[in-house]
Structure formats: C-alpha cells, structure tokens
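# Architecture at a glance
Letter by letter, the chains look like this.
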Amino acid sequence: MPQAVKDIPVLNVEKIREDFPVLHQQVNGHPLVYLDNGASSQMPVQVAERLDHYHRYEHANVHRGIHTLSQKATDAYEAARPKVAAFINAAEEHEIIYTTGTTDSINLVANSFGLTHFSEGDEVILSEMEHHANIVPWQMVAEKTGAVIKVIPVTDSGELDLEAYKKLLTPRTKMVAVVHVSNALGTVNPVKEITDLAHEAGSVVLIDGAQAVPHQKVDVQEIGADFYAFSAHKMFGPTGFGILYGRKSLLDGMPPYRGGGDMIDKVTFEETTYNVPPFRFEAGTPPIAASIGLSEAIDYIGRVGMDQIEKYEAKLVEYAVEKLRKIDGLRFIGEAEERASVISFVFDHIHASDIGTILDKKGIAVRTGHHCAQPILRRFGVPATTRASFAFYNREDDVDRLVEGIEYAKSFFE
Ligand code: PLP
C-alpha cells in the first residue's frame, strides 16, 4: 500500500511539488509550467499509487459479489461516500451520488427532477456566466416540458447582477442553477444569498461547484443548496468520476435517470421497482477505481489543509493579477471583487490561440478559447480568452514565467 504523505503543517509548495512528478518535466525544451488546472488538475503520486494498487491487487466488481475480493472492493468503493459527505458537510452519506462528473450530475438533476417537476411556463433561472454543462441540459429539458429559461445578467466587472436576479424570481421559478466559481472569469458567486433568495421564492437550487471544491471549503448545509455538483479530475483525482450532492427529501421523490444494475429493487417484465437513493441513480458497473482515487485525493487535500490552500492561492492570484496588469495591452475579462484561481485575459490585436501556442513553445500550459462558456464571452464581446488557472502546487515563479512568455509572444506582433 502507498504510504500516506506526512502531515504538512503549513503549505510548503516545494515539498508538495515532490508529490507531483508530472510537474518535473521538460516541455518543448523548457521546464513545464502547468496553468491549466481549471480544465483538469494534476494527480499526486499518492492517488496514482492508490489507483495502481487497486488495479493490481483489489479489483473486483462491487455490490453483487459474495466473495471476499468483491466485498473488499465494495468497502473501498463505498468509503468515498462518507468521505465526500464530510468534505462538503452533507448531512448524510446517502445524499452523495456517484456520477461521471459535473456534466453528468447536472444532466441527472435536469432529467430526473426537471422532467417530473417542470411544466409549460415554469421557469429555470441560469446565469450568463454558466459553463455549457449548466445550460444545455436545462435547454433540453425545457424543450420537452415547455419550461422557460431566464438568465441573470453579469456586470462589467464580471459579477452577477443580484438586483436583476431578484426581479427574475417569480412563483413560477422551479429551479435556479448557478455556478459557484466561474471557469471563464474566476468570479466567486454569493451562492448562499442566491440560494436564500431562491428558497424564499419557493424554488429549488443547484450549484455547479466544479471550480470551487479544489480551492475553498464548501459547506452545502451552510449554503443551503439542494443540489451541488463537482468533478474528481479537477480536484487532484481521476477522470470519469464526479459527485452529485442532493438533499435527501428531494432525492427520495426523484425517479431514476438511467436503468440497469444496482438501481433496481425488483424486476419483472410487468413492472420494475427501484432502489433507494443514492443507488437508484447509479446504474451499471460504476467507476470503482475512480471512487477510490477520489477518496485518496480528499485525504491528500485534507493533509495539505483547505485553509492553507485558500490562503496560499489567494496570495498567488493577487501576485499574478498585479504582474499581469503591468503588461501593456493586456485586458482582463472578469475583475470581480471575490475571485478564485482563474485569470482570463485578451489582447486587442493578438488572438488568444496565438498566445497559447507561443506559450506552449516555452513549456507554459494555459487554455485558450471559449472555455465552454460561449454566452459569457459573447457578453464581453470576445470570441476567446487566454486563461491561466492555478492550483496549490503553482508558485510565483510560474507567474514570472507566464509574464515572460506573454511578453515574448507579444514581441511577434509588434
Ligand atoms: N462546470 C464548470 C464550471 C466547469 O469548469 C466544468 C469543466 O470545465 C464543468 C462544469 C464540466 O465538468 P466535467 O467536464 O468534468 O463534467
């Protein structure tokens, strides 16, 4: 079994980086600077070794096996549930549904909750800064049910216009689905206030937490969210796995989303009855290894300490903003008061993909494009941005390399 990392009392970035072998490589002849954490974060060796150990010595299918190996795999697979529940302070572990990621989690709610609760003229409120994963599933369900999508506008600084939001809420509002931290702007939204207002209007709330959980303490009970969705691969865990938190009283009344496997109670050709949540929503053989990997990632985050991560990243992002602000011609897209580890920017006469390509030649990985959030880029009148997104293993040195790289890229267009 892999050894657990030693407790890390304060965030020691050099020590942490030892756990991420991927960061210690040359890319195009330069040491890698990885600033694409918003798309997918890197995995510490403890998680990789745990996955390897599972595949070598522990693999069997879960739940249905009477034999010892299957029972051991089931125990390891199920161990993520209480761990995730504690990580986001859910009231109980059966409120934690395993999915394949944020997208799948939102599709589950849209189809299971939406299809049964929305009817002609009901309203779903989204915001202008949503990822497509929190737009398209609602549009698909709205098309089937006759529900109407309404959109909270975003201010010039990249914040939600809360006054406009209050006016959008009506007795017909059935769902408010809003992102916690914007992947395109870095804005941290006031999700508790948004949730309280929605509840006063009688609406249910889903929060897309994909970009929040790796960077800040999330407490679903404090926020009051009815549903909260996130992905393992953005929080130092494996791909193909994610979580939907759902309030038990709502889950109990929701029909299954997919059929087959563990989601049943009894099957006959005349009728099938369904399992209780969360199993009702988990059809087929699940990503067993990925669940075990997420457990290990949560342990890792716990040892580093979320308080330390938050403090460290806040300083790092502040440093990056100050440095980038000095670059002639650079314009930030999104300058919210409350922001997390994402910085988006443009140049008027240089396309983002040119910047990204030249940065890559210097070993610097950033993301360019619309970040699966086309409406918010349209709102700011740009087709694409360059996005640097940080994690707790990034350093000020990475920011300095980014700034140097951008100056170098600019020199081609002067
Ligand atoms: N929501 C936000 C805010 C995101 O940033 C992402 C991914 O970038 C998603 C949803 C979709 O996540 P996944 O592709 O892991 O389902």
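Because the structure is predicted, anything quoted here is derived from the model rather than measured. (Residues numbered from 1 in each chain as written. Predicted model: local features only at pLDDT ≥ 70, side-chain atom pairs only at ≥ 80, totals over all residues. Heavy atoms only, no water.)

## Considerations on the overall build of the protein chain
- When helices and strands are tallied, the protein chain shows 15 helices and 17 strands.
- Against the compact-globule benchmark of 22 Å for 414 residues, the protein chain has a radius of gyration of 22 Å, which places it among compact chains.
- When its C-alpha atoms are laid out on the principal axes, the protein chain stretches across 75 × 55 × 35 Å.
- Expressed as a percentage of the 414 residues in the protein chain, the buried residues total 58%.
- For the protein chain, restricting intrachain contacts to residue pairs at least 6 apart in sequence, the fraction spanning at least 24 positions comes to 72%.
- Positive and negative charge centroids in the protein chain, built from 40 and 58 side chains respectively, lie 2 Å apart. (Helix = DSSP H or I, 4+ residues; strand = E, 2+ residues; numbered from the N terminus. Rg over C-alpha atoms; globule rule 2.2 N^0.38 Å. Buried < 20%, exposed > 50% of the residue type's maximum accessible area, 1.4 Å probe, protein only. Contact = heavy atoms within 4.5 Å. Lys, Arg positive; Asp, Glu negative; His and termini not counted. Charge placed at Lys NZ, Arg CZ, Asp CG, Glu CD.)

## Remarks on the pattern of salt bridges
- Applying the stated criterion across every chain yields a total of 26 salt bridges.
- The salt bridge partner of Asp-52 is Arg-56, with a shortest N-O separation of 2.7 Å. Of this pair, Asp-52 and Arg-56 both sit in helix α2 (residues 45–58), separated by 4 residues, roughly a single helical turn.
- Judged by relative accessible area, Asp-52 falls into the partly exposed class, the value being 36%.
- For Arg-56, a relative accessible area of 56% puts it in the exposed group. (Salt bridge = Lys/Arg side-chain N within 4 Å of Asp/Glu carboxyl O.)

## A few points about the pairing of strand β11 (residues 264–267)
- Bridge analysis of β11 against strand β12 (residues 272–274) gives 3 bridges, and the strand direction is antiparallel. Bridge pairing in β12 places Ile-264 opposite Tyr-274.
- Taking the residues between adjacent antiparallel strands as the criterion, β11 and β12 are bridged by 4 residues. (Pairing = 2+ DSSP bridges.)

## Here's the deal with the domain arrangement of the protein chain
- Structurally, the protein chain comprises domain 1 (5–31 + 305–411) and domain 2 (48–302).
- The C-alpha-based centres of domain 1 and domain 2 are spaced at 27 Å.
- Across the boundary between the two partners, domain 1 contributes 34 residues, which contact 30 residues of domain 2.
- In terms of surface lost to domain 2, no three residues of domain 1 exceed Met-306, Ile-376 and Arg-379, which account for 22% of the buried area on that side. (Domains from an automatic or database assignment. Buried area = accessible area lost by both parts, 1.4 Å probe.)

## Details of the site of the ligand
- Within the structure, the ligand sits among 13 residues, and Thr-103, Asp-208, Gln-211, Ser-231 and Lys-234 are positioned closest to it.
- In this structure, an oxygen atom belonging to the ligand sits 2.7 Å away from a side-chain N or O atom of Gln-211.
- One nitrogen or oxygen atom from the side chain of His-233 is found 2.7 Å from an oxygen atom belonging to the ligand.
- Notes on the ligand: free accessible area 390 Å², of which the protein chains cover 85%.
- When the residues that make up the shell around the ligand are grouped by side-chain class, the tally is 3 nonpolar, 8 polar and 2 charged. (Near = heavy atom within 4 Å. Polar contact = N/O pair within 3.5 Å; in protein donor to acceptor, adjacent residues only side chain to side chain. Areas by Shrake-Rupley, 256 points an atom, 1.4 Å probe, with all protein chains shown as cover. Nonpolar A, V, L, I, M, F, W, Y, C, P; charged D, E, K, R; others polar.)

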